[in-house]
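Okay, here's what each chain looks like letter by letter:
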Amino acid sequence: MKKRFFKFLSLILAVSISLFTVGCTEDNTLYFNNDFLGGGSVSDAPMDYTETLIYDVTYTPSFGKVEKADALIQKAVNYNFTGTYEMNFSSGLTPPEEYALEIDGESQVYCLTSTLTLNAWYDLEGTFDEGYTEVDGGKQYVDTIKSKVYFLPKGHSFAPIVSTVEQDYSLLFAANSKFEVAKIKTTSKTVYKNNSYTTTINYADGSQKISTCEYEFKTAIDNAQFLFALRNLTVNSGTINIANLPVITPAYNSPQTLTVTNNTENTTSWTIDGVQTNYVVKNLQVYRQDAYNRGLSQYLLVTKTSNDTPQLKSQVLQYVYPLLTYGTNNQMGALVYKLVSVK
């Protein structure tokens, strides 16, 4: 039973789940900016460049078109999620030993690591896997998801080299008015070549799944690069880009149809490291419709850069991800990530 939870939770908590569409040629090569370094930046990151982003993560029962389902309210199914998300970027690294790409010339290597830590609290009539503590009349788990991805700079379309994910999380299962909170543990590794990638998933019961899929170099971004990629994506206000692209996660092997829209642009005030600043932001909406996500939208506030603002680096100020129960796909509300620190 617990293996089937893996695919769904990859959609819920692994931050970066759906991907995006970008400008591409007929051969589907992806093109990005270097806006994470500043508006109009054309050079790669300096050697030994580092950046640390910290987000506060909270739960909301409603955001946009996301609304906690009446079925959960009527059954007194209560829950809450609070925690942090930290992302670390570094450049100029020695390629990892799994490096299997063939490229023209030499290139430095980028690395992104991320850690999502959540206190997941549940108060409901149902069954619970072991590993919780009693808190405020309910049961609380500590959920963690860690990822690490090596990839190439913009000139190679941020092409991934190898990624790893460690997941240890709780999941709400609902079916026939019965509820279960299950604790799931998996590890995975994806290694990329120019025309294929191989994913290995290890489950807590000792079993393993290995799959190899075809794809073309420079036509996909690894799941762990999601927020980084959106910082470097150009989507003009009011436009819609749609494409079939191989969105590579341990749970999916086939291309997903994705839509990214920049609904509006406006000025917003945001506090980072105790300093309040006004930013022009893009209100992005990411939409993926498949059997697991049912078309629920993700919402992002991304600071807008330009050639006239080389000192301003693009940042995802806020990321809203909708939650679903497993089994009945009831809307649970959403996780809200808010940027609070940049180092």
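Residues numbered from 1 in each chain as written. Predicted model: local features only at pLDDT ≥ 70, side-chain atom pairs only at ≥ 80, totals over all residues. Heavy atoms only, no water.

Novice: Summarise the overall build of the protein chain; cite the residues concerned and give the values.
Specialist: Along the backbone of the protein chain there are 3 helices and 18 strands. Pairs at least 24 residues apart make up 64% of the contacts formed inside the protein chain by residues separated by at least 6 positions. Element-wise, carbon and sulfur atoms account for 46% of the exposed surface of the protein chain, whose accessible area totals about 14900 Å². (Helix = DSSP H or I, 4+ residues; strand = E, 2+ residues; numbered from the N terminus. Contact = heavy atoms within 4.5 Å. Areas by Shrake-Rupley, 256 points an atom, 1.4 Å probe, with all protein chains shown as cover.)

Novice: Report on the side chain of Gln140, specifying residues and quantitative values.
Specialist: Following the sequence through the fold, Gln140 ends up in strand β8 (residues 138-151). The contact partners of Gln140, leaving out residues within four places of it in the chain, are Asn119, Ala120, Trp121, Gly131, Tyr132, Thr133 and Val135.

Novice: Which residues make up the pairing of strand β5 (residues 110-123), and what are the values?
Specialist: Judged from the 13 bridges that link them, strand β4 (residues 78-90) and β5 form a sheet pairing that is antiparallel. When the bridges of β5 are listed, Tyr79 appears paired with Tyr122. Of the pairings in the sheet, the one linking β5 to β8 comprises 13 bridges and is antiparallel in character. Each bridged residue has a counterpart across the sheet, and for Tyr110 the counterpart in β8 is Phe151. (Pairing = 2+ DSSP bridges.)

Novice: Which residues make up the pattern of salt bridges, and what values go with them?
Specialist: Enumeration according to the criterion identifies 7 salt bridges in this entry. For Glu51, the salt bridge goes to Arg231, with nearest N and O atoms at 2.9 Å. Residue Glu51 is located in strand β1 (residues 50-60), and its partner Arg231 is located in helix α3 (residues 226-231); the two are separated by 180 residues in the primary sequence. By relative accessible area, which is 5% here, Glu51 ends up buried. (Salt bridge = Lys/Arg side-chain N within 4 Å of Asp/Glu carboxyl O. Buried < 20%, exposed > 50% of the residue type's maximum accessible area, 1.4 Å probe, protein only.)

Novice: Give me the pairing of strand β17 (residues 316-324): which residues, what numbers.
Specialist: A regular strand carries its side chains on alternate faces of the sheet. With 9 of 9 residues buried, β17 is to be regarded as a mostly interior element. For strand β16 (residues 297-303) and β17, the ladder comprises 4 bridges, and the chain directions are antiparallel. Bridging from a neighbouring strand, Val302 pairs with Val316 of β17. Summarising the sheet, β17 and strand β18 (residues 331-342) pair through 7 bridges and their orientation is antiparallel.

Novice: For the nonpolar core, give the residues involved together with the corresponding values.
Specialist: One recurring pattern in soluble globular proteins: nonpolar side chains tend to sit buried together. In this structure, Tyr79, Phe81, Phe89, Tyr122, Leu172 and Leu300 are the most contacted members of the largest nonpolar core, which totals 64 residues. Tallying contributions element by element places β5 first for this core, with 6 residues. Other than its neighbours up to four places away in sequence, Tyr122 contacts Asn78, Tyr79, Phe81, Phe128, Gly138, Lys139, Tyr141, Ser170, Leu171, Leu172 and Val181. With 15 residues, the next largest nonpolar core counts Leu101, Cys111, Val162 and Cys213 among its residues. (Core = buried A, V, L, I, M, F, W, Y, C linked by side-chain atoms within 4.5 Å.)

Novice: Can you break down the environment of Thr115 residue by residue, with the values?
Specialist: With respect to the secondary-structure elements, Thr115 resides in strand β5. Exposure remark for Thr115: the relative accessible area of 29% places this residue in the partly exposed category. Not counting residues within four places of it along the chain, the set of residues in contact with Thr115 comprises Thr84, Tyr85, Glu86, Ile145 and Lys146.

Novice: Give a detailed account of the side chain of Ser341, specifying residues and quantitative values.
Specialist: Relative to the assigned elements, Ser341 resides in strand β18. By relative accessible area, Ser341 is classed as buried at 8%. Excluding its chain neighbours within four sequence positions, the residues that come into contact with Ser341 are Thr52, Leu53, Ile54, Ile272 and Asp273.

Novice: Describe the environment of Gly40, listing the residues and the values that go with them.
Specialist: The topology assignment puts Gly40 in the loop between α1 (5-12) and β1. Along the sequence, Gly40 and Pro310 sit 270 residues apart, while their C-alpha atoms lie 6.0 Å from each other. Not counting residues within four places of it along the chain, the set of residues in contact with Gly40 comprises Asp35, Ser306 and Asn307.

Novice: Go over the confidence of the model for the protein chain, please, and point to the residues and values.
Specialist: As a general rule, the predicted coordinates of low-pLDDT regions are not to be interpreted in detail. Summary statistics for the protein chain give a mean pLDDT of 87 and a share of 85% for residues scoring 70 or more. Counting interchain partners and residues more than four positions distant, the pLDDT-below-50 stretch residues 1-26 has 117 contacts. (pLDDT = per-residue confidence, 0-100.)

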